[in-house]
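Given next are the chains, with one letter for each unit.
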Amino acid sequence: RLCKVSEVESETRSVEEFTAQVDVPDLDVTNLGLSLVDTPGLFDTAGLDQDARNVFAVQTYLSTVLGYEIFPNVVLLLVKADDNRIFGERSRMSMLIECLKVLKMIDLHRVNLIVVISHARNICGRNAQMLLQEKKKQLQELIRDTCSIEVPVVFVENEPSEYEDMKFDETQGRSTLPSGEIQPQHLFNEMLELLERNNDSFGRLAVLQLLASDDWKPRATSTYKLDASTRDSGPLSKEEARIRSLLEDSGEKSEVQQLLHLHLEDLNVEKFNVHQYDLENICAALVEDHDVSSLDCLRQYSFEDLKTIFSDVYNTDTILAFANIFDLERF
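Thresholds, definitions, all that
- Numbering of residues starts from 1 in every chain and runs along the sequence as written.
- With pLDDT at 70 or above as the cut-off, local features in this predicted model cover only qualifying residues; side-chain atom pairs require 80 or more to be listed or tallied, and sums for whole chains, interfaces and linings still use all residues.
- Neither water nor hydrogens contribute to the side-chain values; these are computed over all heavy atoms in the structure.
- By definition, a salt bridge exists where a carboxyl oxygen of Asp or Glu is found within 4 Å of a side-chain nitrogen of Lys or Arg.
- Strands here are runs of E lasting at least two residues and helices are runs of H or I lasting at least four, both read from the DSSP assignment and numbered beginning at the N terminus.
- Whether two residues touch is decided by their heavy atoms; if any such pair falls within 4.5 Å, the residues are in contact.
- Three labels apply to residues, based on accessible area from a 1.4 Å probe with only protein chains included: buried if under 20% of the type maximum, exposed if over 50%, partly exposed otherwise in between.
- For the purposes of these results, a polar contact is taken to be a pair of N or O atoms within 3.5 Å, where, inside protein, one atom must be able to donate a hydrogen and its partner to accept one; residues adjacent in sequence count only when each atom of the pair is a side-chain atom.
- Lines fitted to C-alpha atoms define the axes, with helix axes restricted to the stretch in contact, and inter-axis angles between N-to-C directions lie between 0 and 180 degrees.
- For classification, angles of less than 35 degrees are called roughly parallel, those exceeding 145 degrees roughly antiparallel, those between 65 and 115 degrees roughly perpendicular, and all remaining angles oblique.
- Residue polarity follows a fixed list, in which Ala, Val, Leu, Ile, Met, Phe, Trp, Tyr, Cys and Pro are nonpolar, Asp, Glu, Lys and Arg are charged, and the others, Gly among them, are polar.
- The quantity called pLDDT is the predictor's confidence in a given residue, expressed from 0 to 100.
- The crossing is said to be left-handed when, going from far helix to near helix, the turn is anticlockwise and less than a right angle, and right-handed when the turn is clockwise.
- Being paired, for any two strands, means DSSP has found at least two bridges between them.
- Two rings belonging to Phe, Tyr or Trp (six-membered ring only in the last case) form a pair when the distance between their centres is within 6.5 Å. Interplanar angles under 30 degrees mark stacking, angles over 60 mark edge-to-face geometry, and anything in between is tilted.

1. Let's talk about the pattern of salt bridges
Part 1: One pass over the full model with this rule turns up five salt bridges.
Part 2: Arg53 is the partner of Glu240 in a salt bridge, and the nearest nitrogen-oxygen pair spans 3.8 Å. Of this pair, Glu240 sits in helix α6 (residues 238-249) while Arg53 sits in helix α1 (residues 48-66); the two residues are 187 residues apart in sequence, bridging distant segments of the chain.

2. Focus on the side chain of Thr318
Part 1: Residue placement: Thr318 occurs in helix α11 (residues 316-325).
Part 2: When near neighbours in sequence (up to four residues on either side) are disregarded, Thr318 contacts Val274, Asp278, Leu279 and Ile282.

3. Some points on the side chain of His186
Part 1: Among the structural elements, His186 can be located in helix α4 (residues 185-197).
Part 2: Under the relative-accessibility criterion, His186 is labelled buried at 9%.
Part 3: A distance of 2.6 Å separates the side chain of His186 from the backbone oxygen of Phe155, its partner in a polar contact.
Part 4: Here His186 is in contact with Val154, Phe155, Val156, Leu177 and Glu181, once residues within four sequence places are set aside.

4. Quick word on the environment of Asn281
Part 1: Checked against the element boundaries, Asn281 lands in helix α8 (residues 276-290).
Part 2: Taking the C-alpha atoms as reference points, Asn281 and Gln257, separated by 24 residues in sequence, lie 9.9 Å from one another.

5. A short note on the packing of α8 against helix α10 (residues 303-310)
Part 1: Where α8 contacts α10, the two axes come as close as 12 Å, and the packing angle between them is 85°. Compared by their axis directions, α8 and α10 come out roughly perpendicular. For the pair formed by α8 and α10, the contact residues are Ile282, Ala285, Leu286 and His290 on the first element and Leu306, Ile309 and Phe310 on the second.
Part 2: Class assignment of the residues belonging to the contact of α8 with α10 gives a composition of six nonpolar, one polar and no charged.

6. Things to note about the confidence of the model for the protein chain
Part 1: The predicted model of the protein chain averages 84 in pLDDT, with 88% of residues at 70 or higher.
Part 2: Per-residue pLDDT stays below 50 along residues 5-10; that stretch engages in ten contacts with residues further than four places along the chain or on separate chains.

7. Considering the packing of α4 against helix α5 (residues 201-212)
Part 1: α5 packs onto α4 with a crossing angle of 165° between their chain directions and a minimal axis gap of 9 Å. With respect to α5, the element α4 is oriented roughly antiparallel. Like other packed secondary-structure pairs, α4 and α5 cross with a definite hand, here left-handed. Between α4 and α5, the residues in contact are Gln185, Phe188, Met191, Leu192, Leu195 and Glu196 and Gly203, Arg204, Val207, Leu208, Leu211 and Ala212, respectively.

8. Some thoughts on the sheet that holds strand β2 (residues 29-38)
Strand pairing in a sheet is mediated by backbone hydrogen bonds. Such pairs are either parallel or antiparallel.
Part 1: Pairing in this open sheet of three strands is antiparallel, and the strands run β2-β1-β8 from one edge to the other. Two strands bound the open sheet, and with one partner strand each, they are β2 and β8 (221-227). Pairs of neighbouring strands in the sheet enclose a mean axial angle of 20°, with direction left out of account.
Part 2: Contacts from α1 reach β1 (14-24), β2 and β8, with the element oriented near 130° to β8.
Part 3: Relative to β2, α5 is tilted by about 80°, and along the sheet it contacts β1 and β2.

9. Focus: the sheet that holds strand β4 (residues 113-118)
Part 1: The strand order across the open sheet formed by three strands is β3-β4-β5, and the pairing between neighbours is parallel. A single partner strand is all that each edge strand has here, and the edge strands are β3 (75-80) and β5 (153-155). Each neighbouring strand pair of the sheet contributes to a mean axis angle of 25°, computed without reference to strand direction.
Part 2: Examined bridge by bridge, β3 and β4 share six bridges and lie parallel to one another. For Leu76, the partnering residue across the bridge sits in β4 and is Ile114.
Part 3: Contacting β3, β4 and β5, helix α3 (residues 128-147) crosses the sheet at an angle of about 150° to β4.
Part 4: Along the sheet, α4 makes contact with β3, β4 and β5, crossing β4 at roughly 165°.

10. What to know about the packing of aromatic side chains
Part 1: Applying the stated criterion to the full structure yields three aromatic pairs.
Part 2: Each ring, one from Tyr61 and one from Tyr224, has its centre 5.2 Å from the other, and the planes form 65°; the classification is edge-to-face. Of the two residues, Tyr61 sits in helix α1 while Tyr224 sits in strand β8, which places them 163 residues apart along the sequence. With respect to class, Tyr61 is no different from Tyr224; both count as buried.
Part 3: Pairing Phe322 with Phe326 gives two aromatic rings, centres 5.1 Å apart and planes at 50°, and the pair type is tilted.

This is how it looks when you write it as structure tokens:
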């Protein structure tokens, strides 16, 4: 183990980074670092307000430590095998995945997400493996519908010592799943394959040296910690309230509509002789009439393209304001 993280459901309400470093003399690499970030879980027992506070704490970490344009190398999304709150168009899982996408935590171009179904042995009986595979399929379909990406799904059992047939080796921390896979090695292998697909050679080397090998590993130290606010801290901040709104609206609004909503809260559009409802109507027309649901789709349009489409309805200042919000090209 590199470090110990929280084990109790909804216990973690802080973002904590643990970092370990190792030298790889054979490759002339020194101080190769790997950071593991323990984050608050989804579906907090305190409800949607706390989910918003938790997501904001994660967003603050990403923007402070990584910067807005850098994604984590790997994101592990943990889902309990017996959690039935994850399916349906307006399920909490679909809303939170949409929110994570809009807040730029999931890389849609070089996919960095792995879903980990934990407590796999909580599903028992003759049909256990069939039920687990069905849950895997449903999760992959949900993420495909929400993010248009394909993600791997890995099963783990958190209490292998409770099951004699898992052949738990305490010294190595290994055990055998009913499928025959050795955990946690199978998860490390999935991470290595993902990093290889993304041409992330240093990320792959870090995982290989600090997680996946049997060699001695240095103990990780805590290098960052941020506590999420709680109900005792007072009402939601403006930023947390935005995220709560995103969680509520994510099943109904497209990515560009959600981003526009975030920007409009920061802008005093009236001083630019522009009405908010005009900007919202332009956005809705692009989504409904031109199938522009994502930011990538929108950025295929320039200011001149928008003028061609909307000049008969909206003035140039309104169209320019919309283009500037999304940093669209002039031509």
